[in-house]
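The chain contents come next:
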Amino acid sequence: MFRDNPAHTGVYSGRAILGEPKLKWKFQTSGEVIASPTVDHGIVYVGSIDGNLYAVDSRTGLLFWKYKANARIVSSAAIWNKTVYVSSYDRNFYAIDSATGILRWKFKTPAERRFAAEHIHGTYPYAETMPDPFDSYMSSPAISNGVAYFGRGDGNVYALNATTGIFRQHGR
């Protein structure tokens, strides 16, 4: 998961890269890749704004499978218990079997909100209100003790049973 663990410490268990890295392979999606890829057991999981989550062999760059969501995927994936977890702009949080790419469950949330302002990032015309192209409210998920945590643009942080996707409503 993002920065290797639920605490996002950035302390990784793998070997350090020594020397100048060389291109091993590249994999082309049909859209931009915004989120960081996640690697688990030799498979790279990465979402794209083309609406697909890809599972790619880390040694060869060959596609194992892809899962089609109904909108762009800009969150990094989290892996737990042979399941890949990711958010999509289609309002769903997905749990996908890491070996087959088959949907285990999904959880629907309210629609994302986008920030907009006049003269955003110095763009013109000055008085025109436009959406922030870099705005992305969806957080990358974190999994801890069998619970999937993620934030959404509705202002909520969700905690779901990572195995079943069941959500329990609690007071604010």
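Look above for the structure.
Residues numbered from 1 in each chain as written. Predicted model: local features only at pLDDT ≥ 70, side-chain atom pairs only at ≥ 80, totals over all residues. Heavy atoms only, no water.

## Remarks on the overall build of the protein chain
Thinking step 1. Along the backbone of the protein chain there are zero helices and 13 strands.
Thinking step 2. Over its C-alpha atoms the protein chain spans a radius of gyration of 17 Å, differing by no more than 12% from the 16 Å that the globule rule assigns to 172 residues.
Thinking step 3. On the principal axes, the C-alpha backbone points of the protein chain span a range of 50 × 45 × 30 Å.
Thinking step 4. The buried share of the protein chain, taken over its 172 residues, is 41%. (Helix = DSSP H or I, 4+ residues; strand = E, 2+ residues; numbered from the N terminus. Rg over C-alpha atoms; globule rule 2.2 N^0.38 Å. Buried < 20%, exposed > 50% of the residue type's maximum accessible area, 1.4 Å probe, protein only.)

## Digging into the side chain of Thr 109
Thinking step 1. The residue Thr 109 is located in the loop between β8 (103-108) and β9 (116-118) in this model.
Thinking step 2. Thr 109 gets classed as buried once you look at its relative accessible area, which sits at 3%.
Thinking step 3. Here Arg 152 takes part through its side chain, which lies 3.2 Å from a polar atom of the side chain of Thr 109.
Thinking step 4. Contact partners of Thr 109, with chain neighbours within four places excluded, come to Arg 91, Phe 150, Arg 152 and Tyr 158. (Polar contact = N/O pair within 3.5 Å; in protein donor to acceptor, adjacent residues only side chain to side chain. Contact = heavy atoms within 4.5 Å.)

## Overview of the packing of aromatic side chains
Thinking step 1. Considering all chains together, one arrives at eleven aromatic pairs under this definition.
Thinking step 2. For the pair Phe 27 and Tyr 54, a centre-to-centre distance of 5.3 Å together with 65° between the ring planes defines the contact as edge-to-face. Of this pair, Phe 27 sits in the segment before β1 (38-40) while Tyr 54 sits in strand β3 (residues 52-57); the two residues are 27 residues apart in sequence, bridging distant segments of the chain.
Thinking step 3. When its relative accessible area of 27% is taken as the criterion, Phe 27 is described as partly exposed.
Thinking step 4. Here the aromatic cluster, defined as three or more aromatic residues joined through ring pairs, consists of Tyr 85, Phe 93, Trp 105, Phe 107, Phe 150, Tyr 158 and Phe 167.
Thinking step 5. For the cation-ring pair, Arg 72 lies above Tyr 89, with the distance from its terminal atom to the ring centre recorded as 4.0 Å. (Phe/Tyr/Trp six-rings, centres within 6.5 Å; stacked < 30°, edge-to-face > 60°. Lys NZ or Arg CZ within 6 Å of the ring centre and 35° of its normal.)

## As for the sheet that holds strand β4 (residues 63-68)
Thinking step 1. As summarised here, the arrangement of the four strands in space is β1-β2-β3-β4, forming an open sheet in which the pairing is antiparallel. Single-partner strands in this sheet number two, and they are β1 and β4. Ignoring which end each strand starts from, the neighbouring axes of this sheet average 20° apart. (Pairing = 2+ DSSP bridges. Axes fitted to C-alpha atoms, helices over the stretch in contact; angles between N-to-C directions.)

## Focus: the nonpolar core
Thinking step 1. In this structure, Tyr 45, Leu 53, Trp 65, Tyr 67, Val 84, Tyr 94 and Ile 96 are the most contacted members of the largest nonpolar core, which totals 14 residues.
Thinking step 2. Listing elements by their share of this core, those giving two or more residues are β2 (43-47), β3, β4, β6 (83-87) and β7 (92-97).
Thinking step 3. Listed in part, the twelve residues of the second largest apolar core include Trp 105, Phe 107, Phe 150 and Leu 160. (Core = buried A, V, L, I, M, F, W, Y, C linked by side-chain atoms within 4.5 Å.)

## Here we look at the sheet that holds β7
Strand pairing within a sheet occurs via backbone hydrogen bonds; the two strands may be parallel or antiparallel.
Thinking step 1. Read from one edge of the open sheet, four strands run β5-β6-β7-β8, paired in antiparallel fashion. Unpaired on one side and paired on the other, β5 (78-80) and β8 mark the two borders of the sheet. Between one strand and the next, the sheet's axes are offset by a mean angle of 20°, whatever the strand orientation.
Thinking step 2. Judged from the five bridges that link them, β7 and β8 form a sheet pairing that is antiparallel. Each residue of the ladder has a partner; that of Ala 95, found in β8, is Trp 105.

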